[in-house]
Amino acid sequence: MIIILNFGSQFAHLIARRVRDLGVKAEILPFDVTAERIKEINPEGIIFSGGPSSVLSKGSPRPAKEIFNLNIPILGICYGHQVMTEMLGGKVVKGKSREFGKEILSVLQKENIFKGLKDEEIVWFSHGDQVEKLPKDFIVTATTPGCKVAAYKHKAKNFFAIQFHPEVTHTKNGKKIISNFVLGICKVSKDWKIEDISKNIITEIKQKVGKDHVLVGISGGVDSLVAATLLHKAIGKQLHAVFVDPGLLRKNEVTSVATLLKKQKFDLHVVDASKLFLGRLAGVTDPEQKRKIIGHTFIEVFEDTIKKQLKQYDIKYLAQGTIYPDRIESAEPTKHASKIKSHHNLTLPDKFGFKIIEPIRDLYKDEVRKIGAVLNLPHDMLWRHPFPGPGLAIRIVGDITEDRLNILREADSIYIEELKKAGEYEKIWQAFVVLLPLRSVGVMGDSRTYDYMVSLRAVDSVDGMSADWHKIPTELLEKISSNIVGKVRGINRVLFDITQKPPSTIEYE
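These notes cover the structure that comes with them. All figures in this text were calculated on a predicted structure; none of them were measured in a lab.

**Some remarks on the packing of helix α13 (residues 402–421) against helix α14 (residues 474–487)**
Where α13 meets α14, the axes come as close as 10 Å, and the angle between the chain directions of the two elements is 150°. As summarised for this structure, α13 and α14 are arranged roughly antiparallel, according to the angle between their axes. Read as a crossing pair, α13 and α14 show a hand that is right-handed. Packed against α13, whose contacting residues are A411, I414, Y415, E418 and L419, the element α14 presents L476, K479, I480, N483, I484 and K487 at the interface. Classifying every residue of the contact of α13 with α14 by side-chain character gives seven nonpolar, one polar and three charged.

**Considering the sheet that holds strand β12 (residues 268–272)**
Ordered by their spatial adjacency, five strands build an open sheet running β12-β11-β10-β13-β14, and the pairing between neighbours is parallel. The sheet is open, and its two borders are formed by β12 and β14 (355–357), each paired with just one other strand. Recorded for the sheet is a direction-independent mean angle of 30° between the axes of neighbouring strands. Sheet topology places strand β11 (residues 239–245) next to β12; five bridges connect them, and they run parallel. By the bridge assignment for β12, V244 is matched with V271. With respect to the sheet, helix α9 (residues 287–308) is in contact with β10 (213–218), β11, β12 and β13 (315–319), its orientation differing from that of β11 by roughly 130°.

**Points about the side chain of D129**
Examined against the element boundaries, D129 turns out to sit in strand β6 (residues 120–133). For D129, the side chain forms a polar contact with the side chain of S54, separated by 2.5 Å.

**Some words on the packing of aromatic side chains**
Throughout the structure, instances matching the rule amount to ten aromatic pairs. Plain terms: the ring middles of F7 and F48 are 5.7 Å apart, the flat faces sit at 65° to each other, and that makes the pair edge-to-face. With F7 in the loop between β1 (2–6) and α1 (12–21) and F48 in strand β3 (residues 45–48), this pair connects stretches of sequence that are 41 residues apart. By relative accessible area, which is 0% here, F48 ends up buried. Site record: aromatic cluster; members linked through ring pairs are F7, F31, F48, F68, Y79 and F159. The ring of Y452 carries the charged tip of R439 above its face, separated from the ring centre by 4.1 Å. The ring of W469 is capped by K471, whose NZ or CZ atom sits 4.2 Å from the centre of that ring.

**Remarks on the pairing of β13**
Here is the key point about a regular strand: its side chains alternate between the two faces of the sheet. Extensive coverage of β13 is indicated by the burial of four of its five residues. Bridge count between β10 and β13: four bridges; the pairing is parallel. Looking at β13, one finds that V216 is bridged to A319.

**Digging into the side chain of R384**
Along the chain, R384 falls in the loop between α12 (379–382) and α13. Among the polar contacts listed, one links the side chain of R384 to the side chain of E253, at a separation of 3.2 Å. If we ignore the near neighbours within four places in the chain, the residues touching R384 are G220, G221, V222, R250, E253, V257, R369 and Y425.

Criteria and thresholds
- Residues numbered from 1 in each chain as written.
- Predicted model: local features only at pLDDT ≥ 70, side-chain atom pairs only at ≥ 80, totals over all residues.
- Heavy atoms only, no water.
- Axes fitted to C-alpha atoms, helices over the stretch in contact; angles between N-to-C directions.
- Helix = DSSP H or I, 4+ residues; strand = E, 2+ residues; numbered from the N terminus.
- Parallel < 35°, antiparallel > 145°, perpendicular 65-115°, else oblique.
- Left-handed = near helix turned anticlockwise from the far one by under 90°.
- Contact = heavy atoms within 4.5 Å.
- Nonpolar A, V, L, I, M, F, W, Y, C, P; charged D, E, K, R; others polar.
- Pairing = 2+ DSSP bridges.
- Polar contact = N/O pair within 3.5 Å; in protein donor to acceptor, adjacent residues only side chain to side chain.
- Phe/Tyr/Trp six-rings, centres within 6.5 Å; stacked < 30°, edge-to-face > 60°.
- Buried < 20%, exposed > 50% of the residue type's maximum accessible area, 1.4 Å probe, protein only.
- Lys NZ or Arg CZ within 6 Å of the ring centre and 35° of its normal.

Nothing here speaks to function; it is all geometry.
Given below as structure tokens:
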């Protein structure tokens, strides 16, 4: 086993995922876990995560110093790189310039964690502080023009530290670096298989639910479908699926998703709650408030459905398709994490009459899809692009109105249709249109227009924790833009978003 000590990083769980990809068990613990507890677990290696804090700030998180005396290999990443420096007698200072994004790393020693790498590697940075002076008996192993100590190691002990993030997909050989540490230095045996995970989840559901009944909220997306299928495998007729139409879905979404779900032989209940949702969202422009309203309203609809349509069943549990990225961005795992945004299924009311069950809460999107494949779910359903629970509410920046929703639906439908026609859709992890709260002057048919502008978003990712913008061919972009402006009244300008995550998020709100 490899232990990851979490210092509040948005990527702490992504490190665990990379370790799992190697077929090795990984467990995340809070940074302040005792050395005694680590000894009990007896891991083959420890990884210090990054984090939002500065080691120069008073009260910034520190691990137990005794950890360095356990004779266990340690890899420090970003904040972990800096905190190891400070605790072992080195010095960290504020950098003259910050590094965010891709950088070229010059590898000085191609051994240990850098074994098999080139002299220069593309890596991903996200830091402001940096190491100025190394602790005693440590040497520099890699550098960049803006960071002299981009990596270091102990001369004799298996202590390693890197300022960049090997866990994100933008670090080209990040998996190799983690593999070198886990398999090469820690010499861990492989014991983590997706088939076993699926079986274990089903067994755990059976044990937890017993003879009680469960309501699962279905959105038509991959996460809720896989969660529901696992539940169905575990408890059969004790599961009741509810597909709520909040008036925030894409064009023809209700009909197409309901048809697909009925083929899966779920006990399915479709509820039209569009007037309720849109009424409560009227005039609301703050993204966090939108998410909370949507989350709470979903719960009310579920409770009402139970009273009116499922009252003959003793429903004790509400199941959700929550996955790791949802929890991480909502800062659910640790008080030291920085909240990015509240996910609607993690903004539950204080008074709630059901127990929550989240079968895939410890998995990432690609793992969810792998489990879906093991469960023999249809390819088209498994590989639909992710669609957020709050729906189009967070793809309309600002006020939500019927008019804006209709404009966005039409534009998004054209975008996705053209991507599919061109064979580009399955090359992209997620693509969608965002309606911006801005109008600009245009000219159509020799007449002046003053209409909305939309932004096209297309990203490549593995798990949603980091993403790069997808390079759509310019000829296809031109066709999409022309079709949207020509066919959708209310739009006269189309933009293409080329921002990565980080620094942005994939969704706009």
